[in-house]
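# Observations on the model geometry
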Amino acid sequence: MKKKVLSVLLCVAMVATMVIGCGSKSESTSSDASASEDSGDGEAAATGDMHFEIVSKGFQHAYWQAVLKGAENKAKELGATINFVGPNTESDIADQVQMLNNAINAQPNAIGFAALDTSASLDAITAAMDAGIPIIGFDSGVSGAPEGAVLANASTDNYAAGAMAAEETYKLIKDTIANATAPVRIGVLAQDATAESIINRGLGFIDKIAELAIADGKTVNIEGNDKYVADAQFEKTEGADVVIEVAVPATVDASLSKTDCETLLNKDDTIAIYGSNQHSGEAMVSANETLQKFGTGEGKIIGVAFDSGSVIKGAVADGTLAGAITQAPVAMGETLVQLLYDAASGKEVADTDTGCQWYTAENMNDEEIAQNLYD
């Protein structure tokens, strides 16, 4: 027994020495967190438990804390340990690359990775492949990774989430559209026309609104940003009953998006506006501060947003916005760890939609939804 204890102590000392040798400035200045009650990888190896390293796009934001919560829940259920890290901000690409290298050096059973910049991480990703360590992407995933490097991705199906926003919006404007004696306008505020997640949230909304209106016997057209106009998948009709207008600022700037929203709010035929991410949703709230046109009463314009944050949550709570779509970061964390576990066990894994939720003033405090609403 004494020899066994001495052996374990020597192993722990060796592991500690290795960790010190692998340490970097980027990791020491980031907000690291381990989801296991102790960080003893030696203990995990001794008991045969699996250990996973998870490198997120950030750590300080409440969104990532919700992902961590889900990862902790699933790790506890599976009897695994995790180490969840991320840089201080989502512009700290070099720090994240160093964290990924540290994760590989820890020789985990699998790695979860949400890349800030895949091209900057290619050497580390190749090293993980050479070491036989499975990688599972999450959130935005690892777009453009070498074939076979990332076995699956746990993320929101943004097109489906945009479609959910459209379905909920249409319930609120269906009668207005049906009773209109002139064309009506639905605005879409998009942060940009380059990010895949933003584009898909916008197109999911646009295509579903068009589908629902056409099913009710109305004609639909789209105008505004060229990317969205070209990619929208519905029959477009000049002089349509319903006009969908997509506004994208020249640069990602809060004041420009606010101006876009004010322009839409000031058009007499606008009946609803959808903001496809937190940036656009907050611009809607800002634009409404002076115009006071959003709401659900007579003559008001329906406002629907995507994502959470204190500004959007407050606007939903007080009725300025009719509701919003939130991703499900807790479910994302749970799904990620399950995929890591399955991949490390040699099971086949596949991309998994981690879902989304529609929240309003009436349900936003429900436990199942509240845990996914971040500030």
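Preceding block: the structure.
Conventions used here
- Residues numbered from 1 in each chain as written.
- Predicted model: local features only at pLDDT ≥ 70, side-chain atom pairs only at ≥ 80, totals over all residues.
- Heavy atoms only, no water.
- Buried < 20%, exposed > 50% of the residue type's maximum accessible area, 1.4 Å probe, protein only.
- Helix = DSSP H or I, 4+ residues; strand = E, 2+ residues; numbered from the N terminus.
- Pairing = 2+ DSSP bridges.
- Arc of directions from axis to C-beta.
- Contact = heavy atoms within 4.5 Å.
- Axes fitted to C-alpha atoms, helices over the stretch in contact; angles between N-to-C directions.
- Salt bridge = Lys/Arg side-chain N within 4 Å of Asp/Glu carboxyl O.
- Phe/Tyr/Trp six-rings, centres within 6.5 Å; stacked < 30°, edge-to-face > 60°.

### With respect to the pairing of strand β14 (residues 356–359)
Residues C356 and W358 of β14 are buried on one face, and the alternating residues Q357 and Y359, pointing to the opposite face, are buried as well. For strand β12 (residues 323–327) and β14, the ladder comprises four bridges, and the chain directions are antiparallel. Bridge pairing links T326 to Q357 in β14.

### Some points on helix α12 (residues 310–317)
Taken residue by residue, α12 has I312, K313, A315 and V316 as its buried positions. An end-on view of α12 places all buried positions within 165° of arc, on one side of the element. Against the buried residues of α12 lie α11 (278–291), β11 (302–306), β12 and β14. Remark: G319 follows α12 within two positions and exhibits a positive phi of approximately 90°.

### Side note on the environment of G303
Relative to the helices and strands, G303 resides in strand β11. Not counting chain neighbours up to four residues away, the residues in contact with G303 comprise I273, M284, F294, L321, A322 and G323.

### Re the sheet that holds strand β10 (residues 270–275)
Pairing within the open sheet is mixed, and its seven strands lie in the order β8-β9-β7-β10-β11-β12-β14. Because the sheet does not close on itself, it has two edges, and the strands there are β8 (220–224) and β14. Going across the sheet, the axis of each strand differs from the next one's by a mean of 15°, ignoring polarity. In this sheet, β12 lies alongside β11 in parallel orientation, the contact comprising three bridges. Paired with F306 across the two strands is I325, which belongs to β12. Each of β7 (184–189), β10 and β11 is contacted by α11, which is oriented at about 140° to β10, the strand it contacts most.

### A word on the pattern of salt bridges
Considering all chains together, one arrives at 13 salt bridges under this definition. Here R201 and D307 are joined by a salt bridge, their closest N and O atoms 3.5 Å apart. Placement of R201 in helix α8 (residues 196–215) and of D307 in the loop between β11 and α12 is noted, with a sequence separation of 106 residues between them. Exposure class is identical for R201 and D307. Each is buried. The closest approach of N and O atoms between E211 and K208, which form a salt bridge, is 3.2 Å. A residue pair is termed a helical-turn pair when its members lie 3 or 4 positions apart in one helix, as E211 and K208 do in helix α8 at three residues. You can call E211 partly exposed: its relative accessible area is 45%. On the accessibility criterion, K208 (16% relative accessible area) is buried. Salt bridges sharing partners connect three or more residues here, namely R185, E223, E245, K267 and D269.

### Describing the packing of aromatic side chains
Under the criterion given, the structure shown has five aromatic pairs. Their ring planes at 80° and their centres at 5.2 Å tell us that Y63 and Y374 sit as a pair that is edge-to-face. Separated by 311 residues along the polypeptide, Y63 in helix α4 (residues 62–78) and Y374 in the segment after α14 (367–370) bring together distant segments of the chain. Exposure remark for Y63: the relative accessible area of 6% places this residue in the buried category. Look at Y374 and you get buried, because its relative accessible area is 4%.

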